[in-house]
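Coordinates in review
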Amino acid sequence: MQIMDTADPVFSTAEIRDIEQQAARLPKPPRLMEKAGLAAAQVIRDQLLKGPGHQILVLAGPGNNGGDAFVVARYLQEWGNTVTVVFGGDGNRVPPDAKQALQAWFNIGGDICAEIPDGDRSWDAVIDGLFGIGLDQSQHRPIEGKYREWIEAVNQMATPIVALDIPSGLGSDDGCIYGIAIHATLTITFIGLKPGLFTHSGPECCGTIVLRDLDIQLPAPPEPHTWLLNHKLAQSILPPVRRANSHKGTFGNVAILGGSTGMTGAALLAGRAALHLGAGRVYLGLLADNAPPVDFSQPELMLRPPSELFTLAPLNCLIVGPGLGQSAEALPWLEKALTSDCTLIVDADALNLIAQHSPLAKKLSQRNASTILTPHPAEAARLLNTGTAAVQQNRMNAALQIAQQFNCYVVLKGAGSICCLPGGKRYLNTSGNPALSTAGTGDVLAGMMGALIAQGLKPDQALLLAVYLHGAAANRWVQQHHGMVGMVASEVIAEARLLLNEWVYRNGINGVKPLL
Ligand SMILES: NC(=O)C1=CN([C@@H]2O[C@H](COP(=O)(O)OP(=O)(O)OC[C@H]3O[C@@H](n4cnc5c(N)ncnc54)[C@H](O)[C@@H]3O)[C@@H](O)[C@H]2O)[C@@H](O)CC1
Ligand SMILES: [K+]
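Just so you know, these numbers come straight off a predicted model, no measurement behind them.

1. Here we look at the coordination of the potassium ion (ligand 2)
Taken together, the protein ligands of the potassium ion (ligand 2) are Asn 65 (OD1), Asp 128 (O), Asp 128 (OD), Phe 131 (O), Leu 164 (O), Ile 166 (O) and Ser 168 (OG), with distances of 2.6 to 3.2 Å. Sequence positions of the residues that donate to the potassium ion (ligand 2) give the spacing N-x62-D-x2-F-x32-L-x1-I-x1-S. Of the two residues examined, Leu 164 and Ser 168, each falls in the buried class.

Put into structure tokens, the structure is as follows:
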């Protein structure tokens, strides 16, 4: 099983610029702005307007994103709509392509306004062409003045907003909001997908994302380093259907080390997730003084003193951290876990302890077997010795730094989770929703990952599939409950089990024969 090589690539702003520049050097350079504007106008016509006669408001900014907007305005006007263009730049100072596009708009009798027209005018759609990938992300310069006012005004309208390339104000590399950002219904992005569309504030600002690659044929296109973790990719890394001739040993052993006093629930949740996602045997080593000898509502879990975990038959995966706490008592157990020779998942307080104790960090980076780290942004910040805001300002980079610093597989959790492999390949998750923002969902994710490793998936496959499945399970719950309030972590386990079965057995369940 290989992670598919037809996964959807995601490109940084620098890589998109490289593609644009290479295209400009081709013997017959494509007219990219014209192509982008036409492609966007077609999507708007076919997917949103569904016919002529509409009132359209187009916001055009001072750069080439504004140029795209002039092209869209021209096509929508020619196709029988009434288009009002509000332009924020200086016609003499716009870049050459945008200047041509503005002229072409004038040539069909188009006009420009300096402000959004007042009054009771209602619009059928707003087109956002204020800022694209040229938004200044290096200086964290916020959008101010009239652009800010315009974005505020259109965000308050109950009108569909279509963002060209990326919602204005959203950083294409980091998904940060630079002062204010368009909240789009539809984002039509050009040339390639950008990380900012999928992480941090991206999912909130973009609405539905449509890619128009503009069919650029380059002799040496840039090698992608980042891909989308979507349904298509997840389906390529499923465990196989179960062989008839199997037993519990076939599906592996998972052990979980954690569950200090007051936090046993976290380890139990991870254990239940591992069990329900298909691990053959699940052991828990609970640190709590008053640890229960059995989980009466899940008696299949084998509760042992922590020391016994290390004397068990070969483990396929050890999960350390759920409910571990940060006490002095937890330290030697974590140290022991770090020297284990099976795949290790390090979660929650185990990450915090590693951040505080450099000998542990050293042990982690020197491990021979694979390790998966599952930090949320605050845990990532501790590992990198920085603040949570700094991590969130550049999530892509934070995930990469952790993977490189500790030579590990990493998932940086939060909206648009980022998975990073030790070699630096990154995957942006597209599943999940805010219903997951509740205690215990991280423990469940760790348990799910452990189960997939126990069933034979490699660490990269288990990481990606568990992250996608976890989000997809929450999405399914939200659909069934008509909202995002009140999902609990245990429910994620149930939904994930259902989905995994549906995916693995989508071609039917062979081997279960009708009674003779
Ligand atoms: N260059 C090309 O070949 C193509 C570019 N295209 C479009 O062009 C866009 C990129 O164009 P540009 O590089 O001109 O950049 P943008 O049009 O995205 O923005 C650049 C302008 O915004 C200003 N600016 C940046 N940050 C600001 C802030 N915080 N507040 C106020 N003003 C700010 C800059 O001074 C500059 O005038 C893409 O996103 C895409 O929409 C497409 O037409 C496809 C082809
Ligand atoms: K835009």
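2. Quick notes on the domain arrangement of the chain
When cut into domains, the chain gives domain 1 (9–224) and domain 2 (244–504). For domain 1 versus domain 2, the separation of C-alpha centres amounts to 40 Å. Taken together, the contacts link nine residues of domain 1 with eleven residues of domain 2. Here domain 1 packs against domain 2, burying approximately 750 Å² in sum over the two surfaces, 65% of which is carbon and sulfur. On the domain 1 side of the interface with domain 2, the three residues burying the most area are Phe 198, Thr 199 and His 200, jointly 56% of the side's total. On the surface where domain 1 and domain 2 come into contact, there are zero salt bridges.

3. Some remarks on the environment of Asn 316
Inspection of the secondary structure puts Asn 316 in the loop between helix H9 (306–309) and strand S13 (317–320). Remark: the alpha-carbon pair of Asn 316 and Leu 344, spanning 28 residues in sequence, is separated by 8.8 Å. Within the structure, the side chain of Asn 316 is placed 2.6 Å from the backbone nitrogen of Asn 253, a separation counted as a polar contact.

4. Brief notes about the sheet that holds strand S1 (residues 9–10)
Here eleven strands make up an open sheet; going across it, the order is S1-S9-S18-S17-S16-S15-S14-S13-S10-S11-S12 and the pairing mixed. Across the chains shown, the open sheet's two edge strands, defined by having one partner strand only, are S1 and strand S12 (302–304). Note: strand S10 (residues 253–258) against S13, four bridges, orientation parallel. Residue pairing for S13: Ile 256 is matched across the bridge by Ile 319.

Reading the values: the criteria
- Residues numbered from 1 in each chain as written.
- Chains lettered and ligands numbered in written order.
- Predicted model: local features only at pLDDT ≥ 70, side-chain atom pairs only at ≥ 80, totals over all residues.
- Heavy atoms only, no water.
- Donors = N, O, S within 2.8 Å, 3.2 Å for Na, K, Ca; no water.
- Buried < 20%, exposed > 50% of the residue type's maximum accessible area, 1.4 Å probe, protein only.
- Domains from an automatic or database assignment.
- Contact = heavy atoms within 4.5 Å.
- Buried area = accessible area lost by both parts, 1.4 Å probe.
- Salt bridge = Lys/Arg side-chain N within 4 Å of Asp/Glu carboxyl O.
- Helix = DSSP H or I, 4+ residues; strand = E, 2+ residues; numbered from the N terminus.
- Polar contact = N/O pair within 3.5 Å; in protein donor to acceptor, adjacent residues only side chain to side chain.
- Pairing = 2+ DSSP bridges.

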